[in-house]
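# Structural overview for review
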There are 2 protein chains.
Amino acid sequence: MNNNTVKLGVIGLGPRAETLLATLRDFSQEECCVTAVCDINPERVNFTCELFRKNNLPIPAVYSKHTELLADKNVDAVLIPTSWNSHLAIAKDAMKAGKYAGIEVGGASSVEELWQLVHNAEEYGGSCMMLENCCYGRNELMVMNLVRKGMFGELVHCSCGYEHDIGAELVGEERCGTERAVHNLKRNCDLYPTHGLGPIAKILNINRGNRFLSICSFASKACGFKQRAKELGAAVTDYAMGDVVSSIIKCANGETIALTHSISLPRPYSRDCRVQGTKGIWLEDAKGIFIEGISETQINIDVAGNPYSSHLWDPVDKFYEEYDHPIWKEFRDNPTGGHGGMDTLALRAFLDAVRNRTVPPIDVYDCAAWMAVTALSEASIAAGSVPVPFPDFTNGKWIYPAGEKISKWDLNS
Amino acid sequence: MNNNTVKLGVIGLGPRAETLLATLRDFSQEECCVTAVCDINPERVNFTCELFRKNNLPIPAVYSKHTELLADKNVDAVLIPTSWNSHLAIAKDAMKAGKYAGIEVGGASSVEELWQLVHNAEEYGGSCMMLENCCYGRNELMVMNLVRKGMFGELVHCSCGYEHDIGAELVGEERCGTERAVHNLKRNCDLYPTHGLGPIAKILNINRGNRFLSICSFASKACGFKQRAKELGAAVTDYAMGDVVSSIIKCANGETIALTHSISLPRPYSRDCRVQGTKGIWLEDAKGIFIEGISETQINIDVAGNPYSSHLWDPVDKFYEEYDHPIWKEFRDNPTGGHGGMDTLALRAFLDAVRNRTVPPIDVYDCAAWMAVTALSEASIAAGSVPVPFPDFTNGKWIYPAGEKISKWDLNS
């Protein structure tokens, strides 16, 4: 440890904390040191301390109450991989205590808890970053790079989502009482919007010259979880959550974003990314990019003997060598850490902001706008799929574009 | 010609008629014979007659007014590849004259013109089929086959669309006054819904035990056409049509359908097809199918040493040999005609219905429901992207499932 070492507390020691701690093992003890951990469940505290022992790392202070950890002077910042319902309340307390809060991804249950988050950040001068690892995904960052260079032209439409078959995990006996399972049992909305929407929001300059204006959401019938429960011999219950929840967001600058949430049906994983402008498009599911003037257009002849043209996808990886984002150019030869290296990058970005007391690249207004999707999509569906407006959590500050780049981790300039 | 030969009139001799006539050249003169053609433009009539001469086919009778062609006793049925605004009025007149009408694809400008179509079919006993070639696409039919066999489980969500970069064609000097260009200049809606939605409607049993309940539509900003016009040195005008129009349709059985229209931006062609149930999914853009129990699921290990599973796409063509629809099993060794053979199949289906005086596989209620999307999406966008209800053009008959298969061309059983 030295003067630049970030002293980290970790609040919530579930499976997500385990992955984060595994990722942090690749960080030097000069870069950051986990000095305190906290969980209401003593078994998880013991399990976690055992990991430190096994890896010959200094054993952190242990707490069962997050407020006690937050009072520890040997902690500069906290990671909050707790259950979804508690992220925001703990983040508020962290900022009140003058600490930086790194909250894990998730959605809000009310717009009010997001206003509280914003008020606390503004009042106490602490700061809050959502550790949205997908903002540091290789393809997401490369496409941002292409967009900032003007190679996609003017952006007009995007899509994103979270499509991940975890149905069996949530209905199986072991998990059906977990918070995530109960959210899906009781709620009908886009529960988990940020993996897809975070990177898209950055690319569209949301809160920096643009903002989300409204969202309208639609739920399909709900039969995936029930079907899984039957197959697994688990309790067969009606889930409130539609198997596929589709939303459309309108932005102040006229772009539309199509958003999808689906976790109860068998299918390969996708974040459904699409970024489209007047000159180019990236489509994750096609593993392709098309840029006018760069990608190929074929001329064919139809049955009547007349010509017609077909644009062809370029494989995304064709662009890596030249157009990887600077963050990935530096990282690509030796990516380490969870989720293909994205966890490492998100953590490094957070630590950099803590160390320099700067505004993190995903700030409190981003957290509020992105997490609002859950509460607002729930409201839209409850009211019969009508459009509902987004609050302006910046109170007008969004009309100005991002300033100069703060650090190499900055995603806004 | 013999007693079973269908005597066809063709009304409207533009580029689409040219492709249809090229496709019909592979049909024997015993199967069908074009006995009359009609266009208000004598140049197109001459151009078309020249095609007949060049191919040593009997020269048809020529008309400049469709009502005169419809009075010709030497015509059993008509194809109507006219401009969009006139499809429905001519189809009504055809049914009044006791002829079968094969209308080309397109959308309606009002719900009222669709009611008129339905009333004319019911009153005069004629019949109307939309020549939606994509209903006979190989992948669309194979997926229908997989769904009918139960291999996708219970269906919950679909998507479809028409994404085709024809921006340059519509703003170029030669075409900017054409009807399609003016529709895009003046209207903001899903102008061209049926290529994607037709096959999906068949797969979801729309009008046969299911129906479209409501649609809600959203338009992105409009800058693609303008950008193209600038590049081509054409007149730069503001187009009403959003570059990407996204809609969500809710169905009576609880399924949702995401629908996209986009023709002004550079990108590879796609009909955006997705068909998803509790056991399987087809995603056109991924060129993949995943079926639980058939497709592969890998077990991986994460950075913390814990296992997680990944489902993998099977390539669509892996399923052709065994699961091609019977129509394609018969056709696949020697597909002929426009659009990869789909035009041939749609025409054969129409001729079969005319010959046997049976209800065509895409009937007047299908035409009405599918074409209503254009008028209803326009209404939704005009009202601020609120959901608007679909009329029930069947007046309640949709609650019953399809009966026994009428012919091998039947898409409903």
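Fair warning: this is a prediction, and the values are worked out from it, not measured in the lab.

### Things to note about the overall build of chain A
When you go through chain A residue by residue, the secondary structure sums to 14 helices and 17 strands. Computed over its C-alpha atoms, the radius of gyration of chain A comes to 22 Å, within 12% of the 22 Å expected for a compact globule of 413 residues. When the 413 residues of chain A are sorted by exposure, 61% land in the buried category. Within chain A, contacts between residues at least 6 apart in sequence are counted, and of these 75% link residues at least 24 apart. For chain A, the exposed surface amounts to about 15,400 Å²; the carbon and sulfur share of it is 50%. One finds the centroid of the 40 positive side-chain charges in chain A at a distance of 2 Å from the centroid of its 51 negative side-chain charges.

### Some details on the pattern of salt bridges
Under the counting rule described, the total for this entry stands at 48 salt bridges over all chains. One salt bridge connects K397 of chain A with E122 of chain A, and the closest N-O pair in it is separated by 3.6 Å. Of the two residues, K397 of chain A sits in the segment after β17 (388-389) while E122 of chain A sits in helix α5 (residues 111-124), which places them 275 residues apart along the sequence. According to the relative accessible area criterion, E122 of chain A is partly exposed, its value standing at 39%. One salt bridge in this structure joins D366 of chain B and K202 of chain B, with 2.8 Å as the shortest N-O distance. Note that D366 of chain B is positioned in helix α14 (residues 364-382) and K202 of chain B in helix α9 (residues 194-203), a separation of 164 residues in sequence. For the pair D366 of chain B and K202 of chain B, one class covers both residues: buried. Salt bridges sharing common partners tie together R138, E321, D324 and R332 of chain A.

### Side note on the interface of chain B and chain A
A common way to report how large an interface is uses the accessible area buried once the components associate. Each side of the interface is counted separately: chain B has 59 residues, and chain A has 59 residues. In total, chain B and chain A occlude about 4,800 Å² of area from one another, counting both sides; carbon and sulfur atoms represent 59% of this. At the boundary of chain B and chain A, one finds 10 salt bridges. For the salt bridge of E255 of chain A with K221 of chain B, the shortest nitrogen-to-oxygen distance reads 4.0 Å. Scanning the region where chain B abuts chain A turns up 18 residue pairs in polar contact (both at pLDDT 80 or more).

### Some remarks on the pairing of strand β13 (residues 288-291) of chain B
All names here are of chain B. Of the two faces of β13, both are covered, the one formed by G288 and F290 as well as the one formed by I289 and I291. Bridging between strand β12 (residues 280-283) and β13 involves 4 bridges; their strand directions are antiparallel. Within β13, the residue paired with W282 across the bridge is I289. Taken together, β12 and the strand that follows it, β13, pair antiparallel across an intervening segment of 4 residues, in which K287 is found at a positive phi of about 50°. Taken together, the 2 bridges between β13 and strand β16 (residues 314-315) define a ladder with antiparallel strand orientation. In the strand pairing of β16, G288 is matched with P315.

### Focus: the relation of the copies chain B and chain A
Aligned on chain A, chain B shows an RMSD of 0.0 Å; the corresponding rotation is 180° and the shift along the axis is 0.0 Å. As the rotation angle and translation indicate, the two copies are arranged about a two-fold axis. Looking at the rotation axis and the C-alpha trace of chain B, the residue lying nearest is A286 of chain B, at 2.5 Å. A symmetric contact is evident, with 100% of the interface residues of chain B recurring at the interface of chain A.

### Some thoughts on the side chain of E163 of chain A
Relative to the elements of secondary structure, E163 of chain A occurs in strand β7 (residues 155-163). For E163 of chain A, a relative accessible area of 0% translates into the label buried. Among the polar contacts made by the side chain of E163 of chain A, one reaches the side chain of R274 of chain B at a distance of 2.7 Å. In contact with E163 of chain A, other than residues within four places in its own chain, are T260, S262, R267, P268, Y269, S270 and D272 of chain A together with R274 and Q276 of chain B.

### So, α14 of chain B
In an α-helix, one turn spans 3.6 residues, which is why side chains three or four residues apart end up on the same side. Residue and element names in this part refer to chain B. The end-to-end C-alpha distance of α14, which contains 19 residues, comes to 27 Å, matching closely the 27 Å that a straight helix rising 1.5 Å per residue would cover. Within α14, the axis deviates most sharply at V373, by approximately 35°. Once α14 finishes, G384 follows within two positions and takes phi at roughly 95°, a positive value.

### Observations regarding the packing of helix α6 (residues 138-148) of chain B against α9 of chain B
Residue and element names in this part refer to chain B. Running from N to C, α6 and α9 cross one another at 20°; their axes reach a closest spacing of 10 Å. In terms of orientation, α6 lies roughly parallel with respect to α9. The two elements α6 and α9 meet at a crossing, and its hand is right-handed. Contacts between α6 and α9 involve E140, V143, M144, V147 and R148 from the first element and P199, K202 and I203 from the second.

### Quick word on the packing of aromatic side chains
All names here are of chain A. Taken as a whole, this structure holds 19 aromatic pairs over all chains when the rule is applied. Seen from their ring centres, Y162 and Y269 are 6.0 Å apart, and the 90° between their planes marks the pair as edge-to-face. Separated by 107 residues along the polypeptide, Y162 in strand β7 and Y269 in the loop between β10 (256-262) and β11 (274-277) bring together distant segments of the chain. Overall, the relative accessible area of 6% leaves Y162 in the buried class. An aromatic cluster is built from W84, Y162, Y192 and Y269, whose rings are joined through pairwise contacts. The ring of Y320 has R138 sitting right over it, with the charged end atom 3.8 Å from the ring centre.

### Examining the sheet that holds strand β8 (residues 212-219) of chain A
Residue and element names in this part refer to chain A. As summarised here, the arrangement of the 9 strands in space is β16-β13-β12-β11-β7-β10-β9-β8-β17, forming an open sheet in which the pairing is mixed. Because the sheet does not close on itself, it has two edges, and the strands there are β16 (314-315) and β17. Bridging between β8 and strand β9 (residues 245-251) involves 7 bridges; their strand directions are antiparallel. The residue bridging C216 from the neighbouring strand is I248, located in β9. Against the sheet, helix α14 (residues 364-382) makes contact with β8, β9, β10 and β17, and its axis sits at roughly 50° relative to β8, the strand it touches most.

### A short note on the packing of helix α1 (residues 15-24) of chain B against helix α2 (residues 42-54) of chain B
All names here are of chain B. Where α1 meets α2, the axes come as close as 11 Å, and the angle between the chain directions of the two elements is 15°. When the axis of α1 is compared with that of α2, the two are roughly parallel. At the point where α1 passes α2, the crossing takes the right-handed sense. Contacts between α1 and α2 involve P15, E18 and L21 from the former and R44, F47, T48, L51 and F52 from the latter.

### Focus on the sheet that holds strand β10 (residues 256-262) of chain B
Residues and elements named next belong to chain B. Strand order in the open sheet made by the 9 strands is β16-β13-β12-β11-β7-β10-β9-β8-β17, with mixed pairing throughout. Lying at the two open borders of the sheet, with one neighbouring strand each, are β16 and β17 (388-389). Sheet contacts for α9: β7 (155-163), β8 (212-219), β9 (245-251), β10 and β11 (274-277); angle to β7, the most-contacted strand, approximately 160°.

### Some remarks on the pairing of β10 of chain A
Along a regular strand, successive side chains alternate from one face of the sheet to the other. Residues and elements named next belong to chain A. Summarising burial for β10: 7 of the 7 residues are buried, a large majority. Going residue by residue along β10, you find T256, A258, T260 and S262 tucked away on one face and I257, L259 and H261 tucked away on the opposite face as well. Both β7 and β10 contribute to a ladder of 7 bridges, which runs parallel. Note on β10: the bridge partner recorded for H157 is T256. A loop of 4 residues connects β9 with β10, the two strands running antiparallel in sequence, and G254 in this loop sits at a positive phi of about 95°.

### Examining unusual backbone geometry
The phi torsion at H339 of chain A lies on the positive side, around 55°, for a residue other than glycine. Mapped onto the fold, H339 of chain A is located in the loop between α12 (326-331) and α13 (342-356).

### Section: the confidence of the model for chain A
In the predicted model, chain A carries a mean pLDDT of 96, and the fraction of residues at 70 or more is 99%. At the level of chain-chain contacts, confidence expressed as ipTM amounts to 0.96, with global pTM at 0.97.

Here is what the cut-offs are and how they apply
Starting from 1, residues in each chain are numbered consecutively following that chain's sequence as written. Chain A is the first chain written and ligand 1 is the first ligand written, with later ones labelled in order. Per-residue local features are limited, in this predicted model, to residues with pLDDT of at least 70; the limit for side-chain atom pairs, both in listing and counting, is 80 or more; totals at the level of whole chains, interfaces and linings are taken over all residues. Side-chain metrics in this entry use all non-hydrogen atoms of the structure; hydrogen atoms and water are not considered. Secondary structure counts use DSSP, requiring at least four H or I residues in a row for a helix and at least two E residues in a row for a strand, with both numbered from the N terminus. When we talk radius of gyration, it's over C-alpha atoms, and the globule rule is simply 2.2 Å times the number of residues to the 0.38. For each residue, the accessible area found with a 1.4 Å probe, counting protein chains only, is set against the maximum for its type, and the residue is called buried under 20%, exposed over 50%, and partly exposed in between. Any two residues whose heavy atoms approach within 4.5 Å at even a single point are treated as in contact. Computed with the Shrake-Rupley method and a 1.4 Å probe, the accessible areas treat only the protein chains shown as cover for residues. Positive charges are assigned to Lys and Arg, negative charges to Asp and Glu, while His and the chain termini are left out of the count. A single reference atom marks each charge: NZ on Lys, CZ on Arg, CG on Asp, CD on Glu. By definition, a salt bridge exists where a carboxyl oxygen of Asp or Glu is found within 4 Å of a side-chain nitrogen of Lys or Arg. As a working definition, buried area equals the accessible area (1.4 Å probe) given up by two parts on being put together, with both sides summed. Counting of polar contacts relies on pairs of N or O atoms within 3.5 Å, with two restrictions inside protein: one atom must be capable of donating a hydrogen and the other of accepting it, and residues adjacent in sequence are counted only when both atoms are side-chain atoms. By the convention used here, strands pair only if DSSP detects at least 2 bridges between them. When the copies are overlaid, the least-squares fit takes in C-alpha atoms only where the residue has pLDDT of at least 70 in both copies. By definition here, a helix of n residues has an expected span of 1.5 Å times n minus one. A residue's bend is the angle separating two fitted axes: one through the seven residues that end there, the other through the seven that start there. Orientation is described by axes fitted as lines to C-alpha atoms, over the contacting stretch for helices, and by angles from 0 to 180 degrees between their N-to-C directions. In these notes the angle categories are as follows: under 35 degrees is roughly parallel, over 145 is roughly antiparallel, 65 to 115 is roughly perpendicular, and the rest is oblique. Should the near helix be turned counterclockwise from the far one by less than a right angle, the crossing is left-handed, whereas a clockwise turn marks it as right-handed. Planes of paired rings set the category: under 30 degrees apart is stacked, over 60 is edge-to-face and the rest tilted, where pairs are Phe, Tyr or Trp rings (Trp by its six-membered ring) whose centres lie within 6.5 Å. For a ring to carry a charge above it, either NZ of a lysine or CZ of an arginine must fall within 6 Å of the ring centroid while also lying within 35 degrees of the normal to the ring plane. Scored from 0 to 100, pLDDT reflects the predictor's confidence in each residue.

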